[in-house]
Amino acid sequence: EIFVIGSASLLAGASLGPEASLVGIASGLGIWFAQKNKTTEAAKLLALSSIGALLVSFFGSLLPILIPILILYKKERKIVFGHILLPIISGVLAYITLIAIKGSDIGFGTIPVGSTEYEIQDIIFAFILGVLGAVFAVILKELIKKFSKFTTEINSKAHWVVSASIFGGIIGVLYLIGGPSVQFSGKEGTEILLQNPASYTAIALLLIAITKLLATGWSLSSGYRGGLVFPSVFMGVAFSLMFEKINPILTGPGIIIGSISGIFT
């Protein structure tokens, strides 16, 4: 059911990424496996391990193994070797499987950082853009809260055909304003931005980022199923390209990593 709803949401034009639906599916698989093996007491651990393995293959990195471990530490207030062993094994096996299938560790959610070489100014720019990105993340969070109150009220008072038309209509208007790069998942939009960055001005990139922010907040508030990873990557890339337009000295991996990491918060 999660798979069907998530797929339908993205195909319908939700300005979100597929990762939230995948996390729900992975969690469900972990719980299903626990039930089948009559180990329901380990269901949460298996679900966390399944999600950790998904994120490893999604990003093409072993670092997401730390996510289930940190969640376990937060719940248990201590590191239990027997508990963290399963997420580690699951994550490592997922990484090996990714390389075996694709021949590389490039995941579906890889961040487009460009050059892997960096200098000291890239670290400084990453910090500054990280702070600005975090501010953008707070705005997105507040938008989702405010939009949710509005959409809940519409949904409770109007027939579902009317409410669905309003929800979809507003997204359509935002797509019209933002153009092709804002439409659908941020993965496709990011590729559009990076294909021909010279065709955008700094003002246009700022407008695109703001429109994507509104479309993403509205999509989640309207009940579409999807995640924030790809929209965050898209907005981070738009921000980094905007600052490169303002001053070419800002070009480099630091500004992209900083923007995206800040919004991830």
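For the structure, check the block above.
(A) Main features of the overall build of the protein. Along its length, the protein carries 11 helices and zero strands. In terms of overall size, the protein behaves like a compact globule, its C-alpha atoms giving a radius of gyration of 20 Å where 265 residues would be expected to give roughly 18 Å. Seen through its principal axes, the protein has C-alpha atoms that stretch 55 × 55 × 35 Å. Residues counted as buried form 43% of the 265 residues belonging to the protein. Contacts in the protein between residues at least 24 apart in sequence constitute 74% of all its contacts with a sequence separation of at least 6.

(B) The arrangement of the packing of helix α6 (residues 120–157) against helix α11 (residues 253–264) in detail. Contact geometry for α6 and α11: axes closest at 6 Å, N-to-C directions at 25 degrees. Classified by the angle their axes make, α6 and α11 are roughly parallel. Judged by the sense of rotation from one axis to the other, the crossing of α6 with α11 is right-handed. Between α6 and α11, the contacting residues are Asp122, Phe125, Ala126, Leu129, Gly130, Gly133, Ala134, Phe136 and Ala137 on the first element and Pro253, Gly254, Ile255, Gly258, Ser259, Gly262 and Ile263 on the second. Among the residues making up the contact of α6 with α11, the classes are represented as nine nonpolar, six polar and one charged.

(C) Structural context of the packing of α6 against helix α10 (residues 229–246). Packing of α6 against α10 leaves a shortest axis separation of 11 Å and a crossing angle of 135 degrees. Here α10 runs oblique to α6, going by the angle between their axes. Both α6 and α10 take part in a crossing whose hand is right-handed. Along its contact with α6, which presents Leu129, Leu132, Phe136 and Leu140, the element α10 presents Met235, Phe239 and Phe243. Partitioned by chemical class, the residues of the contact of α6 with α10 number seven nonpolar, no polar and no charged.

(D) The pattern of salt bridges, seen in detail. According to the stated counting rule, one finds two salt bridges in the structure shown. Close ionic contact of Glu142 with Lys145 constitutes a salt bridge, the shortest N to O distance being 3.8 Å. Pair noted here: Glu142 and Lys145 are both in helix α6, with a separation of three residues, about one helical turn. On the basis of relative accessibility, which here comes to 35%, the residue Glu142 falls in the partly exposed class.

(E) Structural view of the nonpolar core. One finds Phe136, Leu193, Met235 and Phe243 to be the most contacted residues of the largest nonpolar core, which totals 40 residues. At the level of secondary structure, the elements contributing two or more residues to this core comprise α6, α7 (160–178), α9 (202–221), α10 and α11. Take this core: its biggest share by element is 11 residues, from α10. Each residue touching Phe243, except ones within four places of it in the same chain, is listed here: Leu129, Leu132, Leu250 and Ile255. Counting seven residues, the second-largest nonpolar core is a separate cluster that includes Ala53, Ile65, Ala94 and Tyr95.

(F) Broad picture of a nonpolar patch on the surface. On the surface, a cluster of nonpolar side chains totalling about 1000 Å² of accessible area is made up of Tyr118, Ile120, Ile123, Ile124, Phe127, Ile128, Val131, Leu132, Val135 and Ile139. Looking at the element boundaries, Val131 is found in helix α6. The class of Val131 is partly exposed, set by a relative accessible area of 44%.

The rules behind the values
- Residues numbered from 1 in each chain as written.
- Predicted model: local features only at pLDDT ≥ 70, side-chain atom pairs only at ≥ 80, totals over all residues.
- Heavy atoms only, no water.
- Helix = DSSP H or I, 4+ residues; strand = E, 2+ residues; numbered from the N terminus.
- Rg over C-alpha atoms; globule rule 2.2 N^0.38 Å.
- Buried < 20%, exposed > 50% of the residue type's maximum accessible area, 1.4 Å probe, protein only.
- Contact = heavy atoms within 4.5 Å.
- Axes fitted to C-alpha atoms, helices over the stretch in contact; angles between N-to-C directions.
- Parallel < 35°, antiparallel > 145°, perpendicular 65-115°, else oblique.
- Left-handed = near helix turned anticlockwise from the far one by under 90°.
- Nonpolar A, V, L, I, M, F, W, Y, C, P; charged D, E, K, R; others polar.
- Salt bridge = Lys/Arg side-chain N within 4 Å of Asp/Glu carboxyl O.
- Core = buried A, V, L, I, M, F, W, Y, C linked by side-chain atoms within 4.5 Å.
- Patch = residues over 30% accessible without salt bridge, like charges linked within 9 Å, V, L, I, M, F, W, Y side chains within 5 Å.
- Areas by Shrake-Rupley, 256 points an atom, 1.4 Å probe, with all protein chains shown as cover.

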